[in-house]
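Each chain, letter by letter, is given below.
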Amino acid sequence: MNAIAVERGETEPSLLDVPEPTPADGEVLLRTLRVGIDGTDFEVLDGNHGGFPAGDEYQILGHEAVCAVADPNGTDLTEGELVVPTVRRPAEGSHEFFERGEPDMAPPGTYRERGIEGAHGFMAEFVTTPAEFLVPIPDAFAETGVLIEPMSNTVKALELAFASRSLFEWDPKRALVLGNGPLGLLTLAMLQPTVERSYCLGRRDRPDPTIDIIEEFGATYVDSRTTPVSDIADVHEPMDLVYEATGHAKHAYDTIDVLAPNGVGVLLGIPNEWTFDIDGGRLHRELVLGNKALLGSVNSHIRHFESAKESLETLPDWFLDRIITDVYSPTELEDAFDDSTDCIKQVIDFT
Ligand code: NDP
Ligand code: ZN
């Protein structure tokens, strides 16, 4: 069968012919319909994040999938039903976090991640996975369901952020999203019902489709080249909530400056190593005297996928039409993984 994978020593994906998987007991055979591409896939390709399955000379990419059940293999699922698989699977050894339904909180080394860390991903005609890692979705989500995985990461991150402010009255009215990639834009969309004013940071010239989306939501586009994050509180206003989705390490520390007292910043970007100067004393003081919180968040578990599914239902059609910009067949690899164009979310369609 066809699979899109990165081979050892390479930084570009290839279309490989690999053996079709056979489901083990408790596993379901899935026919892949669509797989989304995101910033993490490029980090995997560059070798900055994740790792190959032990002993394999290639890693099948992809962690944002919509599949159809090809063989329920004795599970409760039905043939043809659409599902979205979660990403984390237990590694050898302790399964404590999986057993209590919190694989997203498992420490590094105790899990594998499909398409990212030590396990093959979903960019193949067929994949197998235990039924417990599948979220059934309505047929109407066949095309947009690839957004459920990234949205589930935001569901979790916002849940953590709100939980950290839950001991006092906190009613966030101003939110800033750092990053106008797919994760940033999905988060901007998901925040609309909650906040009164929203801002989204990018570094692009107009005309640009992401700026159009930001403004269509009534949000303010902030260009980091003219308004660095550390100036945003003065130029615009201090923020109750900051969501970082750039992977630009300085933004983590600049977030402390842009937060209003009692605000929370949640960091999702995955930066490379980068040494730079910061005034640690001032940032420490700001955090303490401002009752501010800075949190990291990674991955999500099945309950977040369920919430993301509900949240997807509420997103406006115009937005869904515009965020998935490019749909490619597996043979159009080069274009699919070319992130230099105007694309926002690229998707590989295996049908
Ligand atoms: P992208 O790389 O597509 O998006 C990042 C966006 O941030 C780009 O639009 C980029 O702009 C913008 N950006 C980067 N640096 C700056 C800057 N200095 N000023 C202004 N804008 C900037 O990634 P995704 O949207 O898919 O994901 C965002 C990040 O979150 C990635 O690091 C990804 O690995 C991570 N991630 C983390 C998850 C988690 O659970 N923690 C889950 C999913 C993703 P431009 O395109 O113009 O360069
Ligand atoms: Zn993703």
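Residues numbered from 1 in each chain as written. Chains lettered and ligands numbered in written order. Predicted model: local features only at pLDDT ≥ 70, side-chain atom pairs only at ≥ 80, totals over all residues. Heavy atoms only, no water.

An unreviewed UniProt entry lists the protein chain under the name Glucose 1-dehydrogenase, with Natrialba aegyptia DSM 13077 given as the organism. Recorded in UniProt for the protein chain, the comment headed Sequence similarities (unreviewed entry) runs: "Belongs to the zinc-containing alcohol dehydrogenase family. Glucose 1-dehydrogenase subfamily." (UniProt positions renumbered as here; feature names shortened; annotations may be inferred.)

(A) Layout of the pattern of salt bridges. All chains considered together, the criterion is met by 21 salt bridges. Arg303 is the partner of Glu159 in a salt bridge, and the nearest nitrogen-oxygen pair spans 3.0 Å. One end of the pair, Glu159, is in helix H3 (residues 148-164); the other, Arg303, is in helix H9 (residues 302-314), and 144 residues separate them in sequence. Take Glu159: its relative accessible area is 34%, and that puts it in the partly exposed class. Its relative accessible area of 43% is what places Arg303 among the partly exposed residues. In this structure, a network of salt bridges that share partners links the residues Glu96, Arg100 and Glu102. (Salt bridge = Lys/Arg side-chain N within 4 Å of Asp/Glu carboxyl O. Helix = DSSP H or I, 4+ residues; strand = E, 2+ residues; numbered from the N terminus. Buried < 20%, exposed > 50% of the residue type's maximum accessible area, 1.4 Å probe, protein only.)

(B) Representation of the packing of H3 against helix H4 (residues 182-191) in the model. Two elements in contact, H3 and H4, have axes separated by 10 Å at closest approach and are oriented at 60°. Considering their axes alone, H3 and H4 lie oblique with respect to each other. Judged by the twist between their axes, the crossing of H3 over H4 is right-handed. Residues Pro150, Met151, Thr154, Val155 and Leu158 of H3 form the contact with H4, whose participating residues are Leu183, Leu186, Thr187, Met190 and Leu191. Residue composition of the contact of H3 with H4, by class: eight nonpolar, two polar and no charged. (Axes fitted to C-alpha atoms, helices over the stretch in contact; angles between N-to-C directions. Parallel < 35°, antiparallel > 145°, perpendicular 65-115°, else oblique. Left-handed = near helix turned anticlockwise from the far one by under 90°. Contact = heavy atoms within 4.5 Å. Nonpolar A, V, L, I, M, F, W, Y, C, P; charged D, E, K, R; others polar.)

(C) Region of the structure containing the coordination of the zinc ion (ligand 2). At this site the zinc ion (ligand 2) is bound by Asp38 (OD), His63 (NE2) and Glu64 (OE), with donor distances of 2.1 to 2.2 Å. Coordination of the zinc ion (ligand 2) draws on donor residues from a single chain, spaced D-x24-H-E in sequence. Here the two residues His63 and Glu64 agree in accessibility, since each one is buried. (Donors = N, O, S within 2.8 Å, 3.2 Å for Na, K, Ca; no water.)

(D) Region of interest: the site of ligand 1. The environment of ligand 1 is made up of 26 residues, and the closest members are Asn180, Arg203, Arg204, Ser224 and Ser297. At a separation of 2.9 Å, an oxygen atom of ligand 1 approaches a polar side-chain atom of Glu43. Here ligand 1 loses 85% of its free accessible area of 920 Å² to cover by the protein chains. For the shell around ligand 1, the elements supplying multiple residues, two or more each, are helix H1 (39-45), H4 and strand S13 (197-202). The element contributing the most residues to the shell around ligand 1 is H1, with three residues. Tallied by class, the residues present in the shell around ligand 1 amount to seven nonpolar, 15 polar and four charged. (Near = heavy atom within 4 Å. Polar contact = N/O pair within 3.5 Å; in protein donor to acceptor, adjacent residues only side chain to side chain. Areas by Shrake-Rupley, 256 points an atom, 1.4 Å probe, with all protein chains shown as cover.)

(E) Structural context of the sheet that holds strand S7 (residues 88-90). In space, the three strands of this open sheet follow the order S7-S8-S9, with mixed pairing throughout. On the outer flanks of this sheet lie S7 and strand S9 (118-119), each paired with one strand and no other. Bridge analysis of S7 against strand S8 (residues 111-114) gives three bridges, and the strand direction is antiparallel. Looking across to S8, one finds that Pro90 is bridged to Tyr111. (Pairing = 2+ DSSP bridges.)

(F) Summary view of the environment of Ile256. Considering the arrangement of structural elements, one finds Ile256 in helix H7 (residues 249-258). With 14 residues separating them along the chain, Ile256 and Val242 place their C-alpha atoms 9.1 Å apart.

(G) Main features of the confidence of the model for the protein chain. With 100% of its residues at a pLDDT of at least 70, the protein chain reaches an overall mean of 96. Ranking the helices and strands of the protein chain by mean pLDDT puts strand S12 (residues 174-178) first, with 99, and H1 last, with 92. (pLDDT = per-residue confidence, 0-100.)

(H) Seen up close, the packing of aromatic side chains. One pass over the structure, following the stated rule, counts eight aromatic pairs. Aromatic pair Phe217 and Phe319: ring centres 5.3 Å apart, planes at 55°, arrangement tilted. Of this pair, Phe217 sits in the loop between helix H5 (209-216) and strand S14 (220-223) while Phe319 sits in helix H10 (residues 317-323), and the two are 102 residues apart along the sequence. In terms of burial, Phe217 and Phe319 fall into one category: buried. A ring pair is formed by Tyr253 and Phe276, whose centres lie 6.1 Å apart and whose planes are at 65°; its orientation type is edge-to-face. With Tyr253 in helix H7 and Phe276 in the loop between strand S16 (259-267) and helix H8 (280-289), the pair connects residues that are 23 residues apart, well separated along the chain. You can call Phe276 partly exposed: its relative accessible area is 21%. (Phe/Tyr/Trp six-rings, centres within 6.5 Å; stacked < 30°, edge-to-face > 60°.)

(I) Quick peek at the nonpolar core. Core analysis: the largest hydrophobic core is formed by 50 residues, its most contacted members being Leu147, Leu315 and Phe319. When residues are assigned to domains, this core turns out to be shared by domain 1 (2-142 + 316-349) and domain 2 (152-296), each giving three or more. Setting aside its immediate chain neighbours within four residues, Leu315 contacts Met151, Leu186, Ala189, Met190 and Leu320. Listed in part, the 36 residues of the second largest apolar core include Val18, Val35, Ile116 and Phe350. (Core = buried A, V, L, I, M, F, W, Y, C linked by side-chain atoms within 4.5 Å. Domains from an automatic or database assignment.)

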